[in-house]
Amino acid sequence: MMDASVLRPAARRFALLRAAPALGIGAALVALALTLSNDFYLYVAFMAGVYYICASGMNVLAGYAGQKSLGQAGLFAAGAYTVALLTTRLELPPALALAAAPLVAAAVGVLIALPSLRVKGPSLALVTLAFGLVVEKLVTEWTDLFGGAQGIYGIAPLTLGDEPFALKHWVVLVIVLGVAVHLALSHLLNGRFGRALLALQSDEIAAECAGISVYRYKTLAFVLAAALCGLGGALVAQQNQYFNSDFVTFHLSVFILLLVLLGGAGNIYGPIAGAAILTMTEVFLAQWPSVQHFIYGAMLLFALYLMPTGVAGAIARVLPRRMAVLDGVETPPLTAMQRGRAEPSAGPLLEVTDVSKAFGGVVTADKVGLRLHAHRIHALIGPNGAGKSTLINILTGVISADSGTIRLAGQDITRGTAHARAARGIARTFQNLRLFGSMTVLDNVLIGAHARIGVTGREEDAVAKAKAVLDFVGLGEHAGALAGSLPYGLQRRVELARALAGDPVLLLLDEPAAGLNPRETAELGQLIKRIGQLGVAVLMVEHDMGLVMRISDEIVVLDRGVVIAEGAPRDIQTNPRVIEAYLGREDSPAPDGPESDKEERPC
Ligand SMILES: Nc1ncnc2c1ncn2[C@@H]1O[C@H](COP(=O)(O)OP(=O)(O)OP(=O)(O)O)[C@@H](O)[C@H]1O
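Just so we're clear, the structure is a prediction, and the values are computed from it rather than from any experiment.

## Some details on the UniProt feature "transmembrane region" (unreviewed entry) in the protein
- UniProt records the feature "transmembrane region" (unreviewed entry) for residues 15-34, 40-61, 73-90, 96-114, 121-139, 170-189, 220-237 and 294-316 in the present numbering.
- Here residues 73-90 is 89% helix and 0% strand, with 24 Å between the C-alpha atoms at its ends.
- Helix makes up 100% of residues 220-237 and strand 0%, and the two end C-alpha atoms of the span are 26 Å apart.

## Points about the sheet that holds strand β10 (residues 426-428)
- Judged by pairing direction, the sheet is mixed, and its 6 strands sit side by side in the order β10-β11-β12-β7-β13-β14 without closing on themselves. Strands at the two margins of the open sheet, each flanked by one partner only, are β10 and β14 (562-567). Across the sheet, the axes of successive neighbouring strands diverge by a mean angle of 20°, strand direction being ignored.
- Both strand β7 (residues 377-381) and strand β13 (residues 554-559) contribute to a ladder of 4 bridges, which runs parallel.

## Comments concerning the domain arrangement of the protein
- By the assigned domains, the protein splits into domain 1 (40-318) and domain 2 (350-598).
- Between domain 1 and domain 2, the C-alpha centre-to-centre distance is 43 Å.
- Contact residues are listed per partner, giving 16 residues for domain 1 and 21 residues for domain 2.
- Counting residues per element, the ones that place at least two in the side of domain 1 that touches domain 2 are α8 (192-202) and α9 (204-209).
- Considering each element in turn, the side of domain 1 that touches domain 2 owes the most residues, 6 residues, to α8.
- Residue classes in the side of domain 1 that touches domain 2 are distributed as 8 nonpolar, 4 polar and 4 charged.

## Some points on the site of the ligand
- Neighbouring the ligand are the residues Phe-359, Val-362, Thr-364, Gly-382, Asn-384, Gly-385, Ala-386, Gly-387, Lys-388, Ser-389 and Thr-390.
- When residues of the shell around the ligand are traced back to their parent elements, those giving at least two are β6 (362-372) and α15 (388-396).
- With 3 residues, the single largest contributor to the shell around the ligand is α15.
- Grouping the constituent residues of the shell around the ligand by class yields 3 nonpolar, 7 polar and 1 charged.

## A short note on the packing of helix α3 (residues 72-88) against helix α4 (residues 94-116)
- Where α3 contacts α4, the two axes come as close as 8 Å, and the packing angle between them is 145°. At the point where α3 passes α4, the crossing takes the right-handed sense. For the pair formed by α3 and α4, the contact residues are Leu-75, Ala-78, Gly-79, Thr-82, Val-83, Leu-86 and Thr-87 on the first element and Pro-94, Ala-97, Leu-98, Ala-100, Ala-101, Pro-102, Val-104, Ala-105, Val-108 and Gly-109 on the second.
- Residues belonging to the contact of α3 with α4 are distributed by class as follows: 13 nonpolar, 4 polar and no charged.

## A short note on the pairing of strand β5 (residues 350-359)
- Direction of pairing for β5 relative to β6: antiparallel, over a ladder of 7 bridges. Looking at the pairing, Leu-350 lines up with Leu-372 of β6.
- The turn joining β5 and β6, which pair antiparallel and follow one another in sequence, is formed by 2 residues; a positive phi near 60° is taken by Gly-360.
- The pairing of β5 with strand β8 (residues 403-408) spans 5 bridges and is antiparallel. Pairing of Val-352 across the sheet is with Ile-406, part of β8.

Reading the values: the criteria
Residues numbered from 1 in each chain as written. Predicted model: local features only at pLDDT ≥ 70, side-chain atom pairs only at ≥ 80, totals over all residues. UniProt positions renumbered as here; feature names shortened; annotations may be inferred. Helix = DSSP H or I, 4+ residues; strand = E, 2+ residues; numbered from the N terminus. Pairing = 2+ DSSP bridges. Axes fitted to C-alpha atoms, helices over the stretch in contact; angles between N-to-C directions. Domains from an automatic or database assignment. Contact = placed C-beta atoms within 7 Å. Nonpolar A, V, L, I, M, F, W, Y, C, P; charged D, E, K, R; others polar. Near = placed C-beta within 6 Å. Left-handed = near helix turned anticlockwise from the far one by under 90°.

Shown next, in the form of structure tokens:
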């Protein structure tokens, strides 16, 4: 066994080793390009490189963040017209213009991100489609600036000495840029950033509650995709030394999306496969331009219906899966949550005062007051529809209260977003499981640690801590399994591990025993008690009265949004208001002690 700190130089060597194949292939491609003298082949290679650069950005947006944009032609145009206008109108140096192109496209990307953040799925496709059409119209009609179909001539290319770049130099440049983009994106996407994007694609609410700012990450994905598409456009404009509105078509937007979907969305190698296959297809179909659109449409349908993981995904399925787990790294047992070290005798960790919430005429929280303490297990019980889940949603920032205040460790968090509250140490599980099912158990837990890891955190430390959390909940051997493939009881534990991974000070559990058998419920009870002993304040919404009475230090009873009782389990069992609230409803069992857990309530 070795210590994680010993691993640092090894990890650096490992990173270099990971970069070696891309650098080697890049060097081989450069050597090959330098031997080529046929302009046609060189041009095909250049366009393959440009398509790869555009597709790799689109993969971040569509493949990882799940935002299928149909407006990339507009961003390609933003880059192309930037170099065109900067070099012809302002006569700026071509290298400076090329560097400016992705920045201008990124700024346009922010503009399209803003409306797109409010919509999803087909509506998102329509918003981005509209953007592409607006740009197409703009560059066609505003002839004074963009030259319309006549285009802009005399775009200054890059130079070598005093000579303009030959086609061979452009090919070398796109290979160098392609390798750099690949390495940068591999680094980004195979870590915290990529996990966050995949998480928000899978479930935005669960991602927010794990500490991920969905808004910020979606915007970043739009910006990256825009910058790389703009770079592609700029390269084409400078290499051609000409650009006109005929380049900016809906067809181009579909083509860029197809590069990703056919190659393999959400796979770092997808854009390489897409660019290789579609460049070849384009060359082949050049003799029959009339069937080009038909074939691309058919390929899009094929990719969407028959090969949802694309070519790279299909290849990955037959290759042995590489485990991200660092074997041999010592994982010290969890003895305390780093932030959950408040003394048991300290004041309340969470103070809820007069919180109210109504949906139309339904009042789900009516001046609710609550005080939760570190090291203690609190249960929130009440008949169906009492407002328990709503209160959990209010405390975690998933929905906002109409009035009242919430203070965590003395700080007002009433208006804080869900991800900001998660970053402050409020973690939760959900009544209906919200796992990232197609990701590994380890990745689910790492996503839970998103805010704690931070931008500067080291991946191997995060993995070591995630493994410690998995061992703590008894899932160590399942780290590499896909979360969605586990039996239901284990999936519930994965959600619990994800919540614990962020070092919470407060853990909110929404019906953690729902769907568990009696043995699993008993084990869960033990686990929750151990979590309390780590210094965490636990609030558990639960209908299994056996579990509630066995492990709770304090119980709060909610009925129709009103707190009708609070106290020790023994007091609650004999409280007449509580008995009346339960017995008044046919669908809810009365809280009559541990024996009642044989009567499991269907959820
Ligand atoms: N987003 C919403 N819009 C409208 N009504 C809602 C919304 N969320 C909850 N409600 C209503 O608020 C009431 C309380 O629901 P909530 O899910 O909080 O109750 P609960 O105590 O958790 O119930 P259960 O034990 O059955 O899960 C219900 O009448 C529900 O229909």
